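# Geometric and topological summary
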Amino acid sequence: MIKKFDKKDEESGSGSNPFQHLEKSAVLQEARIFNETPINPRRCLHILTKIIYLLNQGEHFGTTEATEAFFAMTRLFQSNDQTLRRMCYLTIKEMANISEDVIIVTSSLTKDMTGKEDVYRGPAIRALCRITDSTMLQAIERYMKQAIVDKVPSVSSSALVSSLHMVKRSYDVVKRWVNEAQEAASSDNIMVQYHALGLLYHLRKNDRLAVTKMLNKFTKSGLKSPFAYCMLIRIASKLLDETEGGHDSPLFDFIESCLRNKNEMVVYEAASAIVHMPNCTARELAPAVSVLQLFCSSPKAALRYAAVRTLNKVAMKHPSAVTACNLDLENLITDSNRSIATLAITTLLKTGSESSVDRLMKQISSFVSEISDEFKVVVVQAISSLCQKYPRKHSVMMNFLSNMLRDDGGFEYKRAIVDCIISIIEENPESKETGLAHLCEFIEDCEHTVLATKILHLLGKEGPRTPQPSKYIRFIFNRVVLESEAVRAAAVSALAKFGAQNDDLLPSVLVLMQRCMMDSDDEVRDRATFYMNVLQQKQKALNAAYIFNGLSVSIPGLEKSLHQYTLEPSEKPFDMKSVPLATAPITEHKTGTTTCCRLICTGKLPEKLAPSRQDIYQEQLAAIPEFQALGPLFKSSEQVQLTEAETEYVVRCIKHTFARHMVFQFDCTNTLNDQLLQKVVVQMEPSESYEVTNYIPATSLPYSQPGSCYTLVQLPDDDPTAVSCTFSCTMKYLVKDCDPNTGEPDDDGYDDEYVLEDLEVTVADHIQKVLKANFGAAWEEVGDEFEKEETFALASVQTLDEAVGNIISFLGMQPCERSDKVPENKNSHVLFLAGVFRGCHDVLVRARLALADGVTMQVTVRSSEETVVDVILASVG
Amino acid sequence: MEPLIPRIVALVEPSLYTVKAVFILDNDGNRLLSKYYDPELYPSMKEQKNFERNVFNKTHKADNEIAFLEGMTVVYKSSIDLFFYVVGSPQENELMLVAVLSCLFESLSQILRKNVERRCLLDNMEGVFLIVDEIIDGGVILESDPQQVLQKVNYRVDENPLSEQSVAQHITEKLALTSHVLQSAKEQIKWSILK
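Residues numbered from 1 in each chain as written. Chains lettered and ligands numbered in written order. Predicted model: local features only at pLDDT ≥ 70, side-chain atom pairs only at ≥ 80, totals over all residues. Heavy atoms only, no water.

Attention now moves to the overall build of chain A. When its secondary structure is counted, chain A shows 38 helices and 17 strands. Burial statistics for chain A: of 877 residues in total, 55% are counted as buried. With the model as given, the accessible surface of chain A reaches about 39200 Å², and the carbon-plus-sulfur share is 49%. (Helix = DSSP H or I, 4+ residues; strand = E, 2+ residues; numbered from the N terminus. Buried < 20%, exposed > 50% of the residue type's maximum accessible area, 1.4 Å probe, protein only. Areas by Shrake-Rupley, 256 points an atom, 1.4 Å probe, with all protein chains shown as cover.)

Structure follows, in structure tokens:
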């Protein structure tokens, strides 16, 4: 007996859900009436609904019970009740993955698909395709082709959409239906048009020519479906992006013409496509921006949202283009949809003037607690970019951020705020103390380990150099008492920095350190013990090497070298110099735990470090026997282009520097489809006493498959100052003509050569960037034994910024203490550079710059090796 | 300095797969129907229900039509004690999602004779399943015109005379129906007062 309304539900009022107390087993029991004759359509329908409802609620059906119910259901095909039949199709689709032998219904579905009842045909096709795998697809191929061109729109649409779903599994079969899809595309029905276009594009998307043709046809003939128009706009803008053609092409004209379509959906799609195009000029943007402006006053919230979200994106690249909409955006500030209001304000923050900042910030703080975290992050990002634009506003921003930091919010939100405060501190030295105070307050009650360690690391770096370092000690030591292991360890590292920098705090820090040595966690104890011992030595050099400035080696490289060392134990102590250096200098933004004292980390890194680009090269080069004796890879340069764009062969070079050698890696691509190149080498003629010792050819370069060949060069031993050299390069190879279609080469070939551009080796190739977090300490550590100083006049340089940029790129060294940023309106500046010279000699440069009729530069170089100092000075001169 | 916009974000891969998910919740945030079309988006039931819960919490207080949650664009609409949601990728044309949502709502409104409320919806659940199936197929918009959808579903609210059932049962059902009408009237009044 089925009762539609359960008595219990009736009484409980709000729980009046006829499906609420469904028991899977009871429903399956009920399903037995499927076998009764005659079939009672109403009852069966209700049971099927219950089964689908249960599946939808996430109820798990075992294979046996599902299969049993499925087989019972197949009997219902005998009934001619329309709704019941439709529910059978739904059940088939829902159970396709959980029941066995679902293909049993194939013939019933095929019958319905080709039958007279149009209401059944479309849904039957969709159910059938859901249970058909690629092996069975051929059996129904004929019916599918017919269905695609059927004159009943629902049948044609169903067949097209099902074909699209099946492309993933059976591309080869479905692609044979392209002619039928083509025919369907000219249907009068708008949905059939849309579905046919979607399928056609999906089948042809890898053939650019075919896509272009298709696009031309449809843009000319004009489609009726707004969905199809949106699809065409997307295809057109993708094609434009791939061809990187100018915006004078017919494709761009088509997209622009869609701005005048009568359907808002199409207009918006076109505007959005134009806005997202790279390198759009202000003139091209203008019409798109003005339709978005119109949408801003639409009564539909979704349209206002879409418009302001897109304008927000435009404002990132072209703030001036959006200024015209400022008035409309102002009206949206009070929109009841807070997402729209937030986007409007953040857009205005990007386009507005400095004077409007205070007003907007006040407005946004009135409802910031109402918006979702996603949008709070958007607000923080807007503030961040605003601080860069108007540095003078940092006190307003800092205030606002600290309020946000106190509010509730998820990790992403808090991280965005912390990052923003940190970047303000770094940009504006005068905001440092307020910023640090806010952050100190935040870590007092911070549930996110990553943020706490990051802030502790920052405190360790910046705190000791503030006028009143002692006030931070309490905040840091509170962490040691209250927090988890990772935070405690970071706090210990931060404490050590205070002790190392401030002599008067040292005794107290030592007392605190002593207490940390009792910690229950190994890592915290190890760090405390290590720092305790270093600090007790009271040596500046030790402090600099082990407390202020971490290791500069590549971590995966260190791991590998240590592993190697344990496999082949020797009498010699492990040599840190045999470990390749880290390429990207450890940024100051990383968490505290990763930067400090890696030496004593007992394999407890917070996250697995991905191997860097250089680690990958190191591995690749080590696999080539000729290069195995070269030692660790010291530095790999950026790619240098040795051919013009769009030539027959494309050659790029990467310069790998080793202790006494250089390896030039030439990545070559053959762009001629009727040629096969073999035995490819790049012959190099040096201008100085560099000696080419070996060529390793690329055995074969088929069309469009990149390959690499190498040239090994020995650096001049007798003259260590010869750091720069010019090589003239020629690519030599054996050409075999081949069939462009099959790639089958002729038997005989001939030798040929191709002249490449010259390759320069400069002093930067011999120096690896290394970040010294505390340059002053490193400067003292190296000492003045080999210090040299010289003054230069840079006549051709006009600004300090330009001079700083030139020096950094010329020497290829790492700027420290953010000295690469020249403060505005200053006439003098000091630049600090750090690096390691080939052969593992630390080298530090201090350049004092003064602006007066060109730039005068006094360079002081320190290094552990005299020749290195000479090399640097000689190359600057 | 300009923030860098990754190129990938700018390009929407042309595709018919527009809808990532659609769901209907009651006024306690319980799932009445939901369909997820992208297997990579919330593959497990637990993740789906978490998402629905989060979306519900952020949207049920204010009828704002559109929101951006967990990196997805969500368009929504409420009626008495029901909440309808359509979810798409952040690059998706918001108006397409709105078209799907309004088609769903209009179609349901028609078969439910404008009584778009929980009880009535649950009593016609098979019609609801069929309508959703006719509007979206595997994430592709199959139909967006409510009249077409109704024609294809061809569903009538269950009121036809009973042929095989006993008169007694017929009466019980009629009674139940009346009390249900009363119930729903009560709820409607309650909701209109609460609003």
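Having seen the model, we can carry on.
Moving on to the pattern of salt bridges. Evaluated as defined, the whole model comprises 43 salt bridges over all chains. Residue Asp137(B) pairs with Arg126(A) through a salt bridge whose shortest N-O separation is 2.8 Å. Pair noted here: Asp137(B) is in strand S6 (residues 136-137) and Arg126(A) is in helix H7 (residues 118-131), and the two residues belong to different chains. Accessibility assignment for this pair places Asp137(B) and Arg126(A) in one class, buried. With its nearest N and O atoms 2.6 Å apart, the salt bridge here joins Glu92(B) to Arg234(A). (Salt bridge = Lys/Arg side-chain N within 4 Å of Asp/Glu carboxyl O.)

All names here are of chain A. Summary statistics for chain A give a mean pLDDT of 83 and a share of 94% for residues scoring 70 or more. Predicted confidence for residues 1-14 stays below pLDDT 50, and this span has 28 contacts to residues more than four positions away or in other chains. Confidence drops under a pLDDT of 50 for residues 584-608, and excluding neighbours within four residues, the segment shows 54 contacts in the predicted structure. (pLDDT = per-residue confidence, 0-100. Contact = heavy atoms within 4.5 Å.)

Attention shifts here to the interface of chain A and chain B. Of the residues lining the interface, 74 residues belong to chain A; the matching set on chain B comes to 71 residues. Interface area for chain A against chain B, summed over the two sides, is near 6800 Å², with a carbon-plus-sulfur share of 54%. Here chain A is connected to chain B by 10 salt bridges. Two residues, Glu94(A) and Lys35(B), come together in a salt bridge whose shortest N-O distance is 2.7 Å. One can count 23 residue pairs in polar contact (both at pLDDT 80 or more) joining chain A with chain B. Per-element tally for the side of chain A that touches chain B: the top contributor is helix H18 (residues 301-317) of chain A, with nine residues. (Buried area = accessible area lost by both parts, 1.4 Å probe. Polar contact = N/O pair within 3.5 Å; in protein donor to acceptor, adjacent residues only side chain to side chain.)

Residues and elements named next belong to chain B. The end-to-end C-alpha separation of helix H3 (residues 94-111) is 26 Å, in line with the 26 Å expected for 18 residues at 1.5 Å each. A large share of H3 lies buried, amounting to 14 of its 18 residues. Near the N-terminus of H3, the side chain that reaches the backbone nitrogen of Leu 95, with its oxygen 2.9 Å away, is that of Asn 93. A positive backbone phi angle near 50° is found at Arg 113, which sits one or two residues after H3. (Expected span 1.5 Å × (residues − 1).)

A few words now on the environment of Leu495(A). All names here are of chain A. Its place among the elements puts Leu 495 in helix H29 (residues 485-501). When the C-alpha atoms of Leu 495 and Tyr 472 are compared, they prove to be 9.3 Å apart, with 23 residues separating the residues in sequence. Excluding its chain neighbours within four sequence positions, the residues that come into contact with Leu 495 are Ile 473, Ile 476, Phe 477, Val 509, Leu 512 and Met 513.

What follows covers the pairing of strand S1 (residues 21-26) of chain B. Residues and elements named next belong to chain B. Burial of S1 is extensive: six of the six residues sit out of reach of the surface. Every second residue of S1 is oriented toward a common face, with Ala 21, Phe 23 and Leu 25 on one face and Val 22, Ile 24 and Asp 26 on the other, all of them buried. Note that S1 and strand S2 (residues 31-36) share five bridges and pair antiparallel. The residue bridging Ala 21 from the neighbouring strand is Tyr 36, located in S2. Here S1 folds back onto S2 in antiparallel fashion, the turn holding four residues, of which Gly 29 has a positive phi close to 85°. With six bridges joining them, S1 and strand S5 (residues 82-88) adopt antiparallel strand pairing. The residue bridging Ala 21 from the neighbouring strand is Val 87, located in S5. (Pairing = 2+ DSSP bridges.)

Turning next to a negative patch on the surface. A cluster of acidic side chains, namely Asp674(A), Asp737(A), Asp739(A), Glu744(A), Asp746(A), Asp747(A) and Asp748(A), defines a negative patch on the protein surface. On the secondary structure map, Asp748(A) appears in the loop between strand S9 (725-737) and strand S10 (750-755). (Patch = residues over 30% accessible without salt bridge, like charges linked within 9 Å, V, L, I, M, F, W, Y side chains within 5 Å. Lys, Arg positive; Asp, Glu negative; His and termini not counted. Charge placed at Lys NZ, Arg CZ, Asp CG, Glu CD.)

Looking now at helix H9 (residues 153-167) of chain A. Its 15 residues place the ends of H9(A) 21 Å apart at the C-alpha level, agreeing with the 21 Å of an ideal helix rising 1.5 Å per residue. Burial of H9(A) is extensive: 14 of the 15 residues sit out of reach of the surface.

Here the focus is the pairing of S9(A). All names here are of chain A. Sheet topology places strand S5 (residues 675-686) next to S9; 10 bridges connect them, and they run antiparallel. Bridge pairing links Val 681 to Lys 732 in S9. Two elements, S9 and strand S11 (residues 759-761), share three bridges in a ladder whose sense is antiparallel. Its bridge partner lying in S11, Phe 727 is registered against Leu 759. Here S9 pairs with S10 via six bridges, running antiparallel. Paired with Leu 734 across the two strands is Asp 751, which belongs to S10.

Turning next to the nonpolar core. Residue and element names in this part refer to chain A. By size, the foremost hydrophobic cluster in this structure holds 257 residues, and its most contacted members are Leu 109, Ile 255, Ile 383, Met 404 and Met 513. If sequence neighbours within four positions are ignored, Met 404 has contacts with Val 368, Lys 376, Val 379, Val 380, Ile 383, Tyr 413, Lys 414 and Ile 417. Formed by 29 residues, the second largest nonpolar core is a distinct cluster that contains Ile 807, Ala 847, Val 859 and Leu 873. (Core = buried A, V, L, I, M, F, W, Y, C linked by side-chain atoms within 4.5 Å.)

Residues and elements named next belong to chain B. With 78% of its residues at a pLDDT of 70 or more, chain B has an overall mean of 82. Confidence drops under pLDDT 50 across residues 1-10; counting only partners more than four residues distant or on other chains, this segment forms 10 contacts. Across residues 160-167 the pLDDT falls below 50, and counting only partners more than four positions away or on other chains, this stretch makes four contacts in the model. The ipTM for the predicted assembly is 0.79, set against a pTM of 0.66.

Two orientations exist for strands paired in a sheet by backbone hydrogen bonds: parallel and antiparallel. Residue and element names in this part refer to chain B. Pairing in this open sheet of five strands is antiparallel, and the strands run S2-S1-S5-S4-S3 from one edge to the other. The sheet is open, and its two borders are formed by S2 and strand S3 (66-69), each paired with just one other strand. When the angles between neighbouring strand axes are averaged without regard to direction, this sheet yields 20°. Relative to strand S4 (residues 72-79), S3 is paired through four bridges, and the arrangement is antiparallel. When the sheet's bridge partners are listed, Phe 68 is paired in S4 with Thr 73. (Axes fitted to C-alpha atoms, helices over the stretch in contact; angles between N-to-C directions.)

Here we come to the packing of aromatic side chains. Scanning all chains against the criterion turns up 21 aromatic pairs over all chains. Plain terms: the ring middles of Tyr89(A) and Tyr120(A) are 6.3 Å apart, the flat faces sit at 85° to each other, and that makes the pair edge-to-face. Taken together, the positions of Tyr89(A) in helix H5 (residues 82-95) and Tyr120(A) in helix H7 put the pair 31 residues apart, joining distant regions of the chain. Plain terms: the ring middles of Tyr649(A) and Tyr754(A) are 5.2 Å apart, the flat faces sit at 90° to each other, and that makes the pair edge-to-face. Here Tyr649(A), found in strand S3 (residues 649-657), pairs with Tyr754(A), found in strand S10; they are 105 residues apart in sequence, far enough to count as distant. Judged on exposure class, the residue Tyr649(A) and its partner Tyr754(A) are both buried. A network of ring pairs unites the aromatic residues Phe23(B), Tyr36(B), Tyr42(B), Phe51(B), Tyr76(B) and Tyr85(B) as a single cluster. The ring of Phe68(B) carries Arg309(A) above its face, with NZ or CZ at 5.8 Å from the centroid. Just above the ring of Phe105(B) sits the side chain of Lys77(B); from NZ or CZ to the centre is 4.8 Å. (Phe/Tyr/Trp six-rings, centres within 6.5 Å; stacked < 30°, edge-to-face > 60°. Lys NZ or Arg CZ within 6 Å of the ring centre and 35° of its normal.)

Turning our attention to the side chain of Arg204(A). All names here are of chain A. Structurally, Arg 204 can be placed in helix H12 (residues 190-204). Buried charged residue Arg 204 carries no salt bridge. Nearest counter-charge: Asp 207, at 6.8 Å. Residues within four places of Arg 204 in sequence aside, it is in contact with Val 178, Gln 182, Ala 210, Val 211 and Met 214.

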